[in-house]
Amino acid sequence: MKLSRRVQQLSPSLTLAITAKAKALRLEGKDVIGLGAGEPDFNTPRHIMDAAVAAMDAGHTKYTPSAGIPELKQAITEKLKRDNGLSYEPSQITVTVGAKHALYDLFQAVLDEGDEVIIPSPYWVSYIEQVKLAGGVPVVVETSEDNGFKMTPEQLKQAITDRTVAVLINSPSNPTGMVYSEQELRALGKICVDRDLLIVSDEIYEHLIYDEGVKHVSIAALGPELYERTVVINGVSKTYSMTGWRIGFAAGPAPVIKAMTDLASHSTSNPTSIAQYAAIAALSGTHEPVEEMKKAFRQRRDYVIDRVNRIPGFHCLKPPGAFYAFINIRGAMDQAGFKTSDEWSTALLEKELVAVVPGSAFGSDDHIRISYATSMDKLEKALDRIERFVKGNKK
Ligand code: PMP
Ligand code: GLU
């Protein structure tokens, strides 16, 4: 069977593949602990589920406008004003099937063959593949642990060529959890203005920040020149524990948003009607359940970081945001003769039944990523097993 060149160069999402593998092993009766995909273990808060049921009862079970229902666009406008100090017209907002599809449509809408997109590494898996699917060329800028995994203005400048179209900023970051300060964003933003680049700002973890004094800032809010060249990407999956509902959104220049919506009108038609009503309740309702979840994430983060830093050959920076620990395991790999993070992660899964994502998925083979958006009970058990695995592997 012929397959297109486009899909032949595609790597499937490793985060999702590992999660599926862990689930399949569990179905076989194996006691697998999945620390793979980043998705909160809590159910969606009650008032959000109630809004979906009410929407069905009211007959909101039909196609909606491709850019989303006006009531949800209104709720998104209010959210962006309230949380980020950003003002948008309805024509500047489109609702999508998860933030992932917002990014997909965006790259399709702005990239031509050979256009370059600067992506700081470690990066979230899908950026690279989505840019390639749009004919673009991902230009990876390797950040260093010593610099808290942040791209410096110097690095950004050096990566720009006359084919550069866009720069991706993901703060708080998946997989590292680092958060850019306002000052750092201003410095990066100035270069984007000077070189006339589009900024893609993925802010999906904005509410998941755990340290006093660390604050999420949207780069789009740092002046009119940045506002007009930024597309903000966000969604309800992580903050409201709604990964399965598939609602995300993009806000930015009206012509880009229109192109994205036109594309969606020929692919998804619209995000699920019922989920859109639930998203209104999420964005406009009480944030109490979010605060509760955050409290649990903070506690788990502190526990996980403390424990992994006591495992021989591991070290991990304390991530201020998101819900991942991006652990440098180079020492442990070298000790035990593993060459790649994939080999190490596969052996861990086979021997100790713990699923983690190898750092290679995020552009760094010295690391593994574990998601701590799972119960304390499971985390304790998983870390016991990881520790046993590392100690058992010692030469
Ligand atoms: N951006 C980042 C950085 C993510 O980690 C995710 C997680 N899936 C997404 C975007 C997409 O989220 P969703 O499609 O569930 O809204
Ligand atoms: N974003 C999450 C992760 O990185 C969910 C899986 C995915 O879409 O990649 O694990």
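It should be emphasised that the depicted structure is a prediction, and the values quoted were computed from it without experimental measurement.

**Notes on the site of ligand 1**
As a structural note, the neighbourhood of ligand 1 is formed by 13 residues, with Ala99, Asp202, Tyr205, Ser237 and Arg246 the closest of them. Within the contact set of ligand 1, an oxygen atom lies 3.0 Å away from a backbone nitrogen or oxygen of lysine 100. Interatomic distance of 2.7 Å between a side-chain N/O atom of asparagine 174 and an oxygen atom of ligand 1. Of all the cavities here, the one that holds ligand 1 is the largest pocket. When residues of the shell around ligand 1 are assigned to their parent elements, the largest contribution, three residues, is made by helix H5 (residues 98-110). Partitioned by chemical class, the residues of the shell around ligand 1 number five nonpolar, four polar and four charged.

**Notes on the side chain of arginine 229**
Its place among the elements puts arginine 229 in the loop between helix H9 (224-227) and strand S7 (230-235). A polar atom in the side chain of arginine 229 sits 3.0 Å from the backbone oxygen of leucine 197. Once residues within four sequence positions are removed from consideration, arginine 229 is found in contact with Cys192, Val193, Asp196, Leu197, Leu198 and Ile199.

**Considering the site of ligand 2**
Around ligand 2 sit Ser13, Thr15, Leu16, Ala37, Gly38, Lys100, Trp124, Asn174, Lys238, Tyr324 and Arg369, and those are all the residues in its vicinity. Contact distances for ligand 2 include 2.7 Å between an oxygen atom and a side-chain N or O atom of threonine 15. A distance of 2.9 Å separates an oxygen atom of ligand 2 from a polar side-chain atom of asparagine 174. Considered on its own, ligand 2 offers 280 Å² of accessible surface; in the complex 90% of this is hidden by protein. Here ligand 2 is seated within the largest pocket.

**Here we look at helix H2 (residues 14-27)**
Taking 1.5 Å of rise per residue, 14 residues should cover 20 Å, and H2 covers 20 Å from first to last C-alpha, within 8% of that figure. Among the residues of H2, those classed as buried are Thr15, Ile18, Thr19, Ala22 and Leu25. The buried residues of H2 occupy one face: seen down the axis, they fall within an arc of 125°.

**A look at the sheet that holds strand S8 (residues 248-251)**
In space, the seven strands of this open sheet follow the order S2-S8-S7-S6-S5-S3-S4, with mixed pairing throughout. Looking at strand neighbours, the two that pair on one side only are strand S2 (93-96) and strand S4 (137-142), the edges of this open sheet. Direction aside, the axes of adjacent strands within the sheet are offset by 20° on average. Across the sheet, helix H6 (residues 125-133) lies against strand S3 (116-121), S4, strand S5 (164-170) and strand S6 (198-202), angled at about 150° from S4, the strand it touches most. Contacting S2, S7 and S8, helix H10 (residues 254-265) crosses the sheet at an angle of about 30° to S2.

**Some thoughts on the sheet that holds strand S9 (residues 324-328)**
One open sheet accounts for three strands, arranged S9-S12-S11; its pairing is antiparallel. Looking at strand neighbours, the two that pair on one side only are S9 and strand S11 (357-358), the edges of this open sheet. The sheet contact formed by S11 and strand S12 (residues 367-371) spans two bridges and is antiparallel. The partner of valine 357 across the bridge, within S12, is arginine 369.

**Quick notes on the nonpolar core**
By size, the foremost hydrophobic cluster in this structure holds 96 residues, and its most contacted members are Phe314 and Trp344. Of the residues forming this core, the biggest block, six residues, is contributed by helix H15 (residues 376-393). Apart from residues no more than four positions distant in its own chain, phenylalanine 314 is found in contact with Val308, Asn309, Ile327, Asn328, Ile329, Ala332, Trp344, Ile386 and Val390. Core analysis: the next-biggest nonpolar cluster, separate from the first, contains 28 residues, Ile48, Ala75, Val236 and Tyr240 among them.

**Details of the layout of surface pockets**
The space that makes up the largest pocket amounts to roughly 460 Å³. Considering the residues around the largest pocket, the lining is formed by 25 residues, among which Leu16, Gly38, Lys100, Trp124 and Lys238 are closest to the centre. Those elements that provide at least two residues to the lining of the largest pocket are H2 and H5. Estimated volume of the second largest pocket: approximately 380 Å³. Contributing to the lining of the second largest pocket are 22 residues, with Arg26, Gly34, Leu35, Thr374 and Lys378 lying nearest its centre.

**Some thoughts on the environment of glycine 337**
Looking at the element boundaries, glycine 337 is found in the loop between helix H13 (330-336) and helix H14 (341-352). C-alpha of glycine 337 to C-alpha of asparagine 393: the two residues are 56 residues apart in sequence and 8.8 Å apart in space.

**Thoughts on the pattern of salt bridges**
In total, this model carries 26 salt bridges according to the counting rule given. A salt bridge links lysine 150 to glutamate 184; its shortest N-O distance comes to 2.9 Å. With lysine 150 in the loop between S4 and helix H7 (153-159) and glutamate 184 in helix H8 (residues 182-194), this pair connects stretches of sequence that are 34 residues apart. For lysine 150, a relative accessible area of 16% gives the class buried. A salt bridge links lysine 318 to aspartate 302; the nearest nitrogen and oxygen atoms lie 3.4 Å apart. Of this pair, lysine 318 sits in the loop between helix H12 (288-308) and S9 while aspartate 302 sits in helix H12, and the two are 16 residues apart along the sequence.

Thresholds, definitions, all that
- Residues numbered from 1 in each chain as written.
- Chains lettered and ligands numbered in written order.
- Predicted model: local features only at pLDDT ≥ 70, side-chain atom pairs only at ≥ 80, totals over all residues.
- Heavy atoms only, no water.
- Near = heavy atom within 4 Å.
- Polar contact = N/O pair within 3.5 Å; in protein donor to acceptor, adjacent residues only side chain to side chain.
- 1 Å grid on protein atoms, 1.4 Å probe; cavity = no way out; pocket = protein on both sides within 12 Å on 5 of 7 lines; lining within 4 Å.
- Sits in = over half its atoms within 2 Å of the grid points.
- Helix = DSSP H or I, 4+ residues; strand = E, 2+ residues; numbered from the N terminus.
- Nonpolar A, V, L, I, M, F, W, Y, C, P; charged D, E, K, R; others polar.
- Contact = heavy atoms within 4.5 Å.
- Areas by Shrake-Rupley, 256 points an atom, 1.4 Å probe, with all protein chains shown as cover.
- Expected span 1.5 Å × (residues − 1).
- Buried < 20%, exposed > 50% of the residue type's maximum accessible area, 1.4 Å probe, protein only.
- Arc of directions from axis to C-beta.
- Pairing = 2+ DSSP bridges.
- Axes fitted to C-alpha atoms, helices over the stretch in contact; angles between N-to-C directions.
- Core = buried A, V, L, I, M, F, W, Y, C linked by side-chain atoms within 4.5 Å.
- Points joined across faces, edges and corners; volume = space filled by probe spheres on them.
- Salt bridge = Lys/Arg side-chain N within 4 Å of Asp/Glu carboxyl O.

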